[in-house]
Structures are given as C-alpha cells and as structure tokens.
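In case you want the letters, here they are:
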Amino acid sequence: MAQHKIAKISDIPEGQGKTFTVEGQEVAVFNKGGQFFAIDNTCIHKGGSLGEGSLEDETVTCPLHGWQYNITDGKCLANPEAKLNTFTVTVENDEVCLEI
Ligand code: FES
C-alpha cells in the first residue's frame, strides 16, 4: 500500500465525483460535504464510470442505467451481495491522497 497524491481539494467540488487512474486501477473519488470517499470506478452492471455519476448524500447513481452504490462502503443498493472495493482517502494541506 502506498499513498498517492491525486488532486487538489478544489479539483473535486462538493457533491461531485471524479475518476482517477492510480496504480493501473480506476477509482472514483467523491466529495461529500467536504469529506472524501473512494470506490472502484467501474459499475458491476455493464462497466459505467461511477466517477461520472450523480451523487446525492452517500449514494452515487451510475450514469448508464441507474444502479446505485453507497460511496462509504461500496455496497450496491440493488444487490446487497455485490460490493465494490473502497479505498482510504486522506487530505494533507490542500492535497487529496489515495491509499492503494
Ligand atoms: S453500467 Fe451501471 S447501471 Fe448499467
């Protein structure tokens, strides 16, 4: 595991997500009220990019067909047995860092 500086805080506006490729993995990072969360970017339905989904509270909605995931634990709301990986996000000064 290593920490990777991926963005400035201002690069990920509140209530939005963004996709980053770190160590070959696509990760969606979200800013929920100033707190940052990260999950796998790839929707398990048909590969939609969750970093481009819409965020409401702790729920991101896939832009392709609307599957929803909790960004804090990666769980799929439609299929509780399906879960995306989550990643630790820290903020140092104004830098957002991802642990992978
Ligand atoms: S690819 Fe995400 S809902 Fe279909």
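Scroll up to find the structure this text is about.
The following paragraphs examine the structure supplied in this document. (Residues numbered from 1 in each chain as written. Predicted model: local features only at pLDDT ≥ 70, side-chain atom pairs only at ≥ 80, totals over all residues. Heavy atoms only, no water.)

**Quick look at the pairing of strand E9 (residues 95-99)**
(1) Moving on: Pairing of strand E1 (residues 3-8) with E9 involves five bridges; the strand directions are antiparallel. Note that in E9 the partner of His 4 across the bridge is Leu 98.
(2) Moving on: Where strand E8 (residues 86-92) meets E9, five bridges bridge the pair, whose relative direction is antiparallel. Following the sheet pairing, Val 91 is matched in E9 by Val 96. (Pairing = 2+ DSSP bridges. Helix = DSSP H or I, 4+ residues; strand = E, 2+ residues; numbered from the N terminus.)

**Looking at the sheet that holds strand E5 (residues 54-56)**
(1) Moving on: With respect to topology, three strands assemble into an open sheet ordered E5-E6-E7, the strand pairing being antiparallel. A strand with exactly one partner marks an edge of an open sheet, and here the two such strands are E5 and strand E7 (68-70). Across the sheet, the mean angle from the axis of one strand to that of its neighbour is 25°, orientation sign disregarded.
(2) Moving on: As defined by bridge partners, E5 adjoins strand E6 (residues 59-61) across three bridges and the pair is classed as antiparallel. In the sheet register, Ser 54 faces E6, and the bridge partner there is Thr 61. (Axes fitted to C-alpha atoms, helices over the stretch in contact; angles between N-to-C directions.)

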